[in-house]
Amino acid sequence: MANSASGMNVSDECKLKFLELKSKRTYRFIVFKIDEDAQQVQIEKLGNPEDTYDDFTNSIPETECRYAVYDFDFTTEDNCQKSKIFFIAWSPDTSRVRSKMLYASSKDRFKRELDGIQVELQATDPSEMSFDIIKDRAL
């Protein structure tokens with residue numbers, strides 16, 4: 001079903017793989033890309049459960065927009081193991097204006113398709129999605 005504002009569809013595979021990340025913890029992260037020709041959000045990369053945050057950030061292109069979800073495991077001050085699912089909208093200053101507009105106009109609808117997002121982050125520069133920022137936002 002397309003959004004009237006952005007005309008963007010979300011592939012069923014996106015929803016299915018997100019559910020696997022959320023409930024079965026099959027993946028550490030998922031990087032999504034908009035296929036402009038197909039007018040659809042699709043999966044670009046799936047991260048293995050043992051992948052690190054560096055593996056995740058290295059999977060996101062420096063000069064192109066992407067959406068991503070990251071399953072962040074951490075330990076609270078009370079020594080409890082917890083996990084939070086982050087939604088990251090990556091829109092670097094160096095990407096094409098048309099691409100930034102497309103990702104911005106499709107973001108809310110796409111995020112609604114992924115039920116279970118706990119923290120949202122908008123980043124235009126790698127420093128805005130550093131590991132320290134992720135850690136601070138999780139606690």
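Residues numbered from 1 in each chain as written. Predicted model: local features only at pLDDT ≥ 70, side-chain atom pairs only at ≥ 80, totals over all residues. Heavy atoms only, no water.

- By the naming in an unreviewed UniProt entry, the protein chain goes by ADF-H domain-containing protein and is assigned to Arabis nemorensis.
- Quoted verbatim from the Sequence similarities (unreviewed entry) heading of the UniProt record, the comment on the protein chain is "Belongs to the actin-binding proteins ADF family." (UniProt positions renumbered as here; feature names shortened; annotations may be inferred.)

1. Remarks on the sheet that holds strand E1 (residues 9–10)
Then step 1. Reading across from one edge, E1-E3-E2-E4-E5-E6 is the order of the six strands in this open sheet, with mixed pairing throughout. Of all the strands in the sheet, just E1 and strand E6 (119–123) have a single pairing partner and so form its edges.
Then step 2. Relative to strand E4 (residues 66–75), strand E2 (residues 29–35) runs antiparallel, the two being bridged by four bridges. Counted as the bridge partner of Val 31 is Ala 68 from E4. (Pairing = 2+ DSSP bridges. Helix = DSSP H or I, 4+ residues; strand = E, 2+ residues; numbered from the N terminus.)

2. Overview of the pairing of E2
Then step 1. Among the seven residues in E2, five count as buried, and that is most of the element.
Then step 2. Strand direction decides the pairing type here: E2 and strand E3 (residues 40–47), joined by seven bridges, are antiparallel. Among the inter-strand pairings, Phe 32 is bridged to a residue of E3, identified as Ile 43.
Then step 3. Here E2 hands over to E3 after four residues, with Gln 39 in that stretch at a positive phi of 55 degrees. (Buried < 20%, exposed > 50% of the residue type's maximum accessible area, 1.4 Å probe, protein only.)

3. Observations regarding the packing of aromatic side chains
Then step 1. Scanning the entire structure with this criterion turns up 13 aromatic pairs.
Then step 2. Between Phe 72 and Phe 86, the aromatic rings sit 6.2 Å apart at their centres with planes inclined by 85 degrees, giving edge-to-face as the arrangement. Linking Phe 72 in strand E4 with Phe 86 in strand E5 (residues 81–90), this pair joins segments that are 14 residues apart in sequence.
Then step 3. The class for Phe 72 is buried, based on a relative accessible area of 4%.
Then step 4. Given a relative accessible area of 0%, Phe 86 falls into the buried group.
Then step 5. Aromatic rings pair up to connect Phe 29, Tyr 53, Phe 56, Tyr 70, Phe 72, Phe 74, Phe 86 and Phe 131 into one cluster. (Phe/Tyr/Trp six-rings, centres within 6.5 Å; stacked < 30°, edge-to-face > 60°.)

4. A short note on the layout of surface pockets
Then step 1. For the largest pocket, the calculated volume is near 150 Å³.
Then step 2. Lining the largest pocket are Tyr 53, Thr 57, Asn 58, Ile 60, Glu 62, Trp 90, Pro 126, Met 129, Ser 130 and Phe 131.
Then step 3. The element best represented in the lining of the largest pocket is helix H2 (residues 53–58), accounting for three residues.
Then step 4. Residue classes in the lining of the largest pocket are distributed as six nonpolar, three polar and one charged. (1 Å grid on protein atoms, 1.4 Å probe; cavity = no way out; pocket = protein on both sides within 12 Å on 5 of 7 lines; lining within 4 Å. Points joined across faces, edges and corners; volume = space filled by probe spheres on them. Nonpolar A, V, L, I, M, F, W, Y, C, P; charged D, E, K, R; others polar.)

5. Some points on the side chain of Arg 66
Then step 1. Assignment of secondary structure puts Arg 66 in strand E4.
Then step 2. A polar side-chain atom of Arg 66 sits 2.9 Å from a polar atom in the side chain of Glu 64.
Then step 3. Not counting chain neighbours up to four residues away, the residues in contact with Arg 66 comprise Val 31, Phe 32, Lys 33, Glu 44, Pro 61, Ile 88, Ala 89, Trp 90 and Tyr 103. (Polar contact = N/O pair within 3.5 Å; in protein donor to acceptor, adjacent residues only side chain to side chain. Contact = heavy atoms within 4.5 Å.)

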